[in-house]
Amino acid sequence: MVSSALSRRHVLQLAGAAALPLSSGLLGGPAQAAAAGTLTIAYNVNLPSFDPTIGLSAVNPTLQSIYQAIFDPYIGQAPDLSFKPGLLTKWGWNADHTKITLELRKGVTWHDGSAVTPEDVVWSLQRAADPKSGNPIQFVWSKVGNYKIDGNTITGDVIEFEPTLFKWMAFLTGYILPKAYYEKVGAEGFEKAPIGSGPYKVDAFERNAFLRLKTHPTYWGPKPAFDTVVFKFVTDPTSRVAEMESGGSDVTFEIPYEEFDRLKAKAGLAGQTKPVSDIAMIFITDIAPMLDRNVRLAANHAIDKKAIVDRLLKGYGVPIATLEAPGYAAFDPSIKVSYDPELAKSLLAKSGFSPEKPVKFTIQTTRGFKPKDYEMIQAIVGMWRKVGIEANIEVYEIAQHFELRARHALAPAAFYNWGNAIGDPSTSTGFAMFGPSPHCAWKGKDLVERIGPLWGEKDEAKRIAGWKAVDKYIAEEGEVIPLFQYVQPIIHKKGLKVVAQANGMILPQLITQA
């Protein structure tokens, strides 16, 4: 049984906190035409907030490419998801896991030229741990405290063991911010003129239009190949395709796969695909009619995932049966959920439903956020109709999904793209399925009791085995619908070298001239 203390900590995540408003004229100036030394990226989402540690934007995986261009995470990640030094050059536990030690890189500066200090690290960690800060991952950061500084070395006491603590230092909300500057200008001032220690600094911003960045001249890492980077916010995939065909942008991604195949064959353009740590899934909310196990299982078994990947995604995808994708630490290929429409019909019949008398509910989806997202849901609704499920499609923006999920107000079924850049089961199955988590739609006590003890399990082999058992149970109960692991399509101008990241990020600092 999960402890009441653990439940309270997870409930305190404040994920419903609204992102702070942005100034629409940061540093002024319209978007300039591409010039020598300028890289233009047609990006698929808008930027709601510059603070990468608070509010709903902080847990949007798609925004991390922008955040990692401006800010430094505590710990870096290589393209294959392995961890490497970032602002921290060393990190680790003591022998009995009662303390942590962090070592800050020397000679790092903020965008305003001031030094990055151990005080900045401690302030950032303490702020993230404060339930009043609005950090959605507060319950992770609050498990360490009582920090002490000795030169560039920081130690902290483990209040409660968190096996993924250091992984989170390379993931969502794991960024170091400038203590003195933030306290001087406040939250509103930081939104108007943010500074970090990353490879690029903010030069101009126009809400829903563009973000222009310039290189940070004293950046501690390799100098980026491009002095200027422009993120054009182009949320419509057709428009992103047009950006590449017109030459208006140099790089784009997340476009329909048939357009990817067409564009990569055009003169002057090139393309690449790579399986990434994102998965397509359908949340199931614990409301009618999804409280009926037969309905949930029928909805799972009626979906031909291979046909969706082959026909709609041109083969660019890997069907999955759990929220663990190949490459995740707890991926278990022995867990299978068969495509069996006859089984789906028999399950529905047990609850009094049939194609002539269907069960009815709403399914929500984005349209154009991911390649063929809407068309995929259309296809699934068609498959469901054949077995006795009548689903009404409701389109929403990704920001609406976050807001509804935080309020536990999603429809009975809701499509989502789940990113898990650290590949840990706690950050896939855990946050998606543990009731007190605001990232969860299924709040059932059954999973709270099964997942609760795994959060603090110190035996790594036992922890991973426990998550595999939870995934098997979820599949048997039909409490979520995993669909497939994404293969990310990237189109760019010839003459560019784009380093594909297994976490799906498009990092301008790693794009070079070929």
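Everything discussed here concerns the structure shown above.
Caption draft 1: Highlighting the overall build of the chain. Secondary structure assignment for the chain yields 16 helices and 19 strands. In terms of C-alpha radius of gyration, the chain reaches 23 Å, essentially the compact-globule figure of 24 Å for 514 residues. C-alpha extents for the chain along the principal axes are approximately 70 × 60 × 35 Å. Taken across its 514 residues, the chain has 60% of its residues classed as buried. For the chain, restricting intrachain contacts to residue pairs at least 6 apart in sequence, the fraction spanning at least 24 positions comes to 71%. About 19100 Å² of surface is accessible on the chain, with carbon and sulfur atoms providing 53% of the total.

Caption draft 2: Molecular detail of the packing of aromatic side chains. Under the definition given, this model contains 29 aromatic pairs. Ring geometry for Trp 168 versus Phe 171: centroids 5.1 Å apart, planes at 40°, classification tilted. Judged by relative accessible area, which is 6%, Phe 171 ranks as buried. Residues Tyr 219 and Trp 220 carry aromatic rings whose centres are separated by 5.2 Å and whose planes lie at 45° to one another, so their mutual orientation is tilted. Tyr 219 gets classed as buried once you look at its relative accessible area, which sits at 18%. Given a relative accessible area of 27%, Trp 220 falls into the partly exposed group. An aromatic cluster of at least three residues, connected via ring pairs, comprises Tyr 67, Phe 71, Trp 123, Tyr 175, Tyr 181, Tyr 182 and Phe 190. Positioned over the ring face of Tyr 374 is Arg 367, at 3.8 Å from the centre of the ring.

Caption draft 3: Local environment of the nonpolar core. Among the nonpolar cores identified, the biggest contains 151 residues, and Trp 141, Met 169, Leu 211, Trp 384 and Leu 483 are the most heavily contacted of them. In contact with Leu 211, other than residues within four places in its own chain, are Leu 47, Phe 50, Ile 66, Ile 70, Val 202, Ala 204, Phe 205, Val 229, Val 230, Phe 231 and Phe 233.

Caption draft 4: Here's a closer look at helix α13 (residues 398–406). If you check which residues of α13 are buried, you get Ile 398, His 401, Phe 402, Leu 404 and Arg 405. Along its buried surface, α13 packs onto β12 (269–284), β14 (359–365) and β16 (413–419). Positive phi appears at His 408, one or two residues downstream of α13, with a value of about 55°.

Caption draft 5: Focus on the packing of helix α7 (residues 237–246) against helix α8 (residues 257–264). Where α7 contacts α8, the axes come no closer than 11 Å and their chain directions differ by 5°. Relative to α8, the element α7 is oriented roughly parallel. For the pair α7 and α8, contact is made by Val 241, Met 244 and Glu 245 and by Glu 259, Arg 262 and Leu 263, respectively.

Caption draft 6: Region of the structure containing the pattern of salt bridges. Counted by the stated rule, this structure contains 26 salt bridges. We note a salt bridge from Arg 127 to Asp 51, for which the minimum N-O separation is 2.7 Å. Of this pair, Arg 127 sits in helix α3 (residues 118–129) while Asp 51 sits in the loop between β1 (38–43) and α2 (64–70); the two residues are 76 residues apart in sequence, bridging distant segments of the chain. Asp 51 gets classed as buried once you look at its relative accessible area, which sits at 1%. A salt bridge links Arg 262 to Glu 245, with the nearest nitrogen and oxygen atoms 2.9 Å apart. Residue Arg 262 is located in helix α8, and its partner Glu 245 is located in helix α7; the two are separated by 17 residues in the primary sequence. Owing to a relative accessible area of 35%, Arg 262 belongs among the partly exposed residues under this scheme.

Caption draft 7: The arrangement of the sheet that holds strand β5 (residues 99–104) in detail. Spatially, β4-β5-β7-β6 is the arrangement adopted by the four strands of the open sheet, whose pairing is antiparallel. The strands lining the two open edges of the sheet, one partner per strand, are β4 (88–93) and β6 (144–150). The average angle at which neighbouring strand axes cross in this sheet is 15°, direction not considered. For β6 and strand β7 (residues 153–158), the ladder comprises five bridges, and the chain directions are antiparallel. The partner of Val 144 across the bridge, within β7, is Val 158. Across the face of the sheet, α3 comes into contact with β5, β6 and β7 while running at roughly 175° to β6.

Caption draft 8: Region of interest: the pairing of β1. Of all the six residues making up β1, six are buried; the element is thus mostly covered by neighbouring parts of the structure. Bridging between β1 and strand β11 (residues 251–253) involves two bridges; their strand directions are parallel. Bridge pairing in β11 places Ile 41 opposite Val 251.

Caption draft 9: Examining the environment of Ser 82 more closely. Structurally, Ser 82 can be placed in the loop between β2 (75–77) and β3 (83–85). Judged by relative accessible area, which is 34%, Ser 82 ranks as partly exposed. C-alpha separation for the pair Ser 82 and His 97, spaced 15 residues apart in sequence, amounts to 22 Å. Sequence-distant contacts of Ser 82, that is, excluding residues within four places in its chain, are made with Gly 76 and Gln 77.

Caption draft 10: Looking closely at the environment of Ile 284. Mapped onto the fold, Ile 284 is located in strand β12. Separated by 131 residues in sequence, Ile 284 and Phe 415 place their C-alpha atoms 9.1 Å apart. Leaving out residues up to four positions away in the same chain, Ile 284 has contacts with Met 290, Arg 296, Asn 300, Pro 412, Ala 441, Trp 442, Gly 478, Glu 479, Val 480 and Ile 481.

Conventions used here
Residues numbered from 1 in each chain as written. Predicted model: local features only at pLDDT ≥ 70, side-chain atom pairs only at ≥ 80, totals over all residues. Heavy atoms only, no water. Helix = DSSP H or I, 4+ residues; strand = E, 2+ residues; numbered from the N terminus. Rg over C-alpha atoms; globule rule 2.2 N^0.38 Å. Buried < 20%, exposed > 50% of the residue type's maximum accessible area, 1.4 Å probe, protein only. Contact = heavy atoms within 4.5 Å. Areas by Shrake-Rupley, 256 points an atom, 1.4 Å probe, with all protein chains shown as cover. Phe/Tyr/Trp six-rings, centres within 6.5 Å; stacked < 30°, edge-to-face > 60°. Lys NZ or Arg CZ within 6 Å of the ring centre and 35° of its normal. Core = buried A, V, L, I, M, F, W, Y, C linked by side-chain atoms within 4.5 Å. Axes fitted to C-alpha atoms, helices over the stretch in contact; angles between N-to-C directions. Parallel < 35°, antiparallel > 145°, perpendicular 65-115°, else oblique. Salt bridge = Lys/Arg side-chain N within 4 Å of Asp/Glu carboxyl O. Pairing = 2+ DSSP bridges.

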